Amino acid sequence: MEREREAALRLLDAVEAEKCHGCGCMHAVVLMLEDDLAGAGSLPGGELGRALEAARSVLKQVETDCRGCEPCLPMAALKAARGMEE
């Protein structure tokens, strides 16, 4: 549950960063996190589910595959959700 909370917070950082809205990284991470939630049978109304809803609401058409940002905010959310080291 703590990983989901951390992932939600990091994903919300990406939602606040307008540069992420049209980045392919954001789009890919949203899809991967949705798949992770579905595979885990997690409730879509949890913190991460709400963060994903917020992320989907700001997505724009993909402008670039990756902007090369350090750190990549959407990737930080994916790493947190999967318990990976930063």
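Counting restarts for each chain: residues are numbered from 1 in the order of the written sequence. Per-residue local features of the predicted model are confined to residues with pLDDT of at least 70, and side-chain atom pairs are confined, for both listing and counting, to 80 or more; whole-chain, interface and lining totals are unaffected and use all residues. Heavy atoms throughout the structure, all of them, feed into the side-chain values; hydrogens and water do not.

Asker: It is not clear to me how the pattern of salt bridges should be interpreted in this structure. Could you clarify?
Answerer: It is possible for side chains bearing opposite charge to pair when their charged atoms get close. Salt bridges are defined by distance alone: a side-chain nitrogen of Lys or Arg within 4 Å of a carboxyl oxygen of Asp or Glu. Using the criterion set out here, one finds six salt bridges in the structure. E47 serves as the salt-bridge partner of R5, at 3.2 Å between the closest nitrogen and oxygen. Taken together, the residues R5 in helix α1 (residues 2-16) and E47 in helix α3 (residues 47-58) connect sequence positions 42 residues apart. With a shortest N-O distance of 2.7 Å, E63 and R67 are connected by a salt bridge. For E63, a relative accessible area of 54% gives the class exposed. A simple rule labels every residue: compare its accessible area, found with a 1.4 Å probe on the protein chains alone, to the largest value its type can have, and call it buried under 20%, exposed over 50%, or partly exposed in between. With a relative accessible area of 36%, R67 lands in the partly exposed category. What counts as a helix is a DSSP run of H or I of at least four residues, what counts as a strand is a run of E of at least two, and both are numbered from the N terminus.

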